[in-house]
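Chain and residue survey
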Amino acid sequence: MERKRTVAVIGGGAAGMMAAIEAARAGAIVTLIEKNAQLGKKLATTGNGRCNYTNLDMGDRIGGKFRGFHPEFAVEALDVLPPEAVLDWFREIGVEPRFRGSYVYPNSDQASAVVDALREELHRLSVKVHYNAEVKSVQRVDGDAEASAVKVSMPGKTASADGAAASQIQQKRDAAYFLIQCVDAVVKADRVILAAGSKAAPKTGSNGDGYFIARKLGHSIVPYVPALCGIRCAGDAFKALAGIRTEAALELVVDGHCVDREAGELQLVDYGISGIPVFQLSRYAAYALQEGKKAAVYINFLPGFTEEAEDPKDRALQLYRQRQERLVGRKMESFFTGLLHQKLGQLLLRMANVRPEIPVAELSEKQLRSLASLSVRFKAECVEMNGFQQAQVVAGGVDMSEVDPRTMASRLVPGLYFAGEVLDIDGICGGYNLQWAWASGFVAGRHAAV
């Protein structure tokens, strides 16, 4: 009877639990190693506690929804387990979907329910879980040296002897295994799946251990930066704008070149800018700052009025001329009433050197142009990212060119597999990072077990 494969999964997050379940379903004896006292600690907080666990909109996947230095390497896994298959997979373990547009949540709107369902499936499959087990090292005990010894001791004098030697050599090579040294235990396994996450949200246990382990095993790490986080900006203007939420169109400019554009609800905070459109730009701003480049986000506070305009400044100037005609008899302190947030309007007046007490009719053409420019080209100079503590994910990680995208197996270390955020693939907001966790974990688990 053929011995079952033993698989150790390092990391009990979304990708790790998926990998452990699929490896067990494929017939392996699975051990899941988790440094926290509970599984899925980070998963339980996603989607503001509701868990947006996938997204049906997979248009513009590579470089759009999924990013990295080799984002094309994500395609294989995403094709194996697309969002529709994720829905079916979770239905099988009891999680019914609730749809909000293309966004998918558990019908209960509880992230904890997703964690509970995964944990129940792990239990059903008899996956052994080590809690509070911080991994100190992972060592591969290579069978190649033993195989060489067999080759020396059994010189091939006859065909049958050669065959016996070859068989023993292959057995020795197949006998390679891993030793995972934890704080108070040692786990031995034929295969290892590294799904230890990143450095994002360290309060949930993510401290970059996975990068250290991968590097020790010979893998390259793409420089990592916080992503899906707010951006700290120069100047004290934002202290006056703190608390404002407004629709805006954003453009990230690095060393004078537009890198990306986003639109949506912008949050103005005392340190700078936040909100989903900022999160989508953050990885590019983070890399720019890490490389010592100049980065700035230009904000258009009038996207609804200027989206069709060839030149937003001209359209904004036209709008302000119309308002000047309509608001004759008023003072400039009320010029933006009903158009922009009061605190924002007051700041724009100060920046354009317009006294709030002057009549609207006395506003000069130069002042109108200045207000129009500030309204659609407000510069937020980036000085620092909000950091790993506030980041939802990390950009960077294990170099995907060193991983087989069909199997998630290491190209460098036989028997080693990867899944989830430890890899240099990160998604935008909207369930894409969990979609990557499920897909990569599914593929890694299936292949590690055989």
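Each chain carries its own residue numbering, running from 1 in the direction its sequence is written. Totals for whole chains, interfaces and linings use every residue, but because this is a predicted model, local features are given only for residues with pLDDT of at least 70 and side-chain atom pairs only at 80 or more, for both listing and counting. The side-chain figures draw on all heavy atoms in the structure; neither hydrogens nor water molecules are used.

**Some points on the packing of aromatic side chains**
Defined as follows: Classification of ring pairs uses Phe, Tyr and Trp, with its six-membered ring standing for Trp, and accepts pairs whose centres are within 6.5 Å; under 30 degrees between planes counts as stacked, over 60 as edge-to-face, and the remaining range as tilted. In this description a helix means any DSSP run of H or I spanning at least four residues, a strand means any run of E spanning at least two, and both kinds are numbered starting from the N terminus. Exposed residues in this analysis have more than 50% of their type's maximum accessible area, buried residues have under 20%, and partly exposed residues fall in between, with area computed by a 1.4 Å probe over protein chains only. Put simply, a charge is over a ring when the Lys NZ or the Arg CZ is close to the ring centre, within 6 Å, and near the line of the ring normal, within 35 degrees.
Evaluated as defined, the whole model comprises 12 aromatic pairs. A centroid spacing of 6.2 Å and a plane angle of 80° characterise the contact between Phe238 and Phe378, whose relative ring orientation is edge-to-face. Of this pair, Phe238 sits in helix H8 (residues 237-241) while Phe378 is found in strand S18 (residues 378-385), placing the two residues 140 residues apart along the sequence. Of the two residues, Phe238 and Phe378, both sit in the buried class. Each ring, one from Phe335 and one from Phe336, has its centre 5.2 Å from the other, and the planes form 90°; the classification is edge-to-face. Just as Phe335 is buried, Phe336 falls in that class too. Taken together through their ring pairs, the aromatic side chains of Tyr53, Trp89, Phe90 and Trp438 make up a single cluster. Directly above the ring of Tyr177 sits Lys188, whose terminal nitrogen or CZ lies 4.2 Å from the centroid.

**Observations regarding the side chain of Asn36**
Under the convention used in this document: In the analysis that follows, any N or O atom pair within 3.5 Å is treated as a polar contact, provided that within protein one partner can donate a hydrogen and the other can accept it, and provided that, for residues neighboring in sequence, both atoms belong to side chains. Contacts are assigned to residue pairs that have any heavy atoms within 4.5 Å of one another.
Relative to the helices and strands, Asn36 is located in the loop between strand S2 (29-33) and strand S3 (54-55). Note on Asn36: relative accessible area 14%, which makes it buried. Within the local environment of Asn36, its side chain forms a polar contact with the backbone oxygen of Thr204, the two atoms lying 2.8 Å apart. In contact with Asn36, other than residues within four places in its own chain, are Lys41, Tyr131, Asn132, Thr204 and Gly205.

**Quick look at the state of the cysteines**
This is how the line gets drawn: The criterion for a disulfide is a pair of cysteine sulfur atoms lying within 2.5 Å.
All told, the structure shown has 0 disulfides when counted by the stated rule. Looking at the unpaired Cys258, the closest cysteine sulfur is the one in Cys382, lying at 13 Å. Left unpaired, Cys429 is separated from the closest cysteine sulfur, that of Cys229, by 10 Å. Under the relative-accessibility criterion, Cys429 is labelled buried at 12%.

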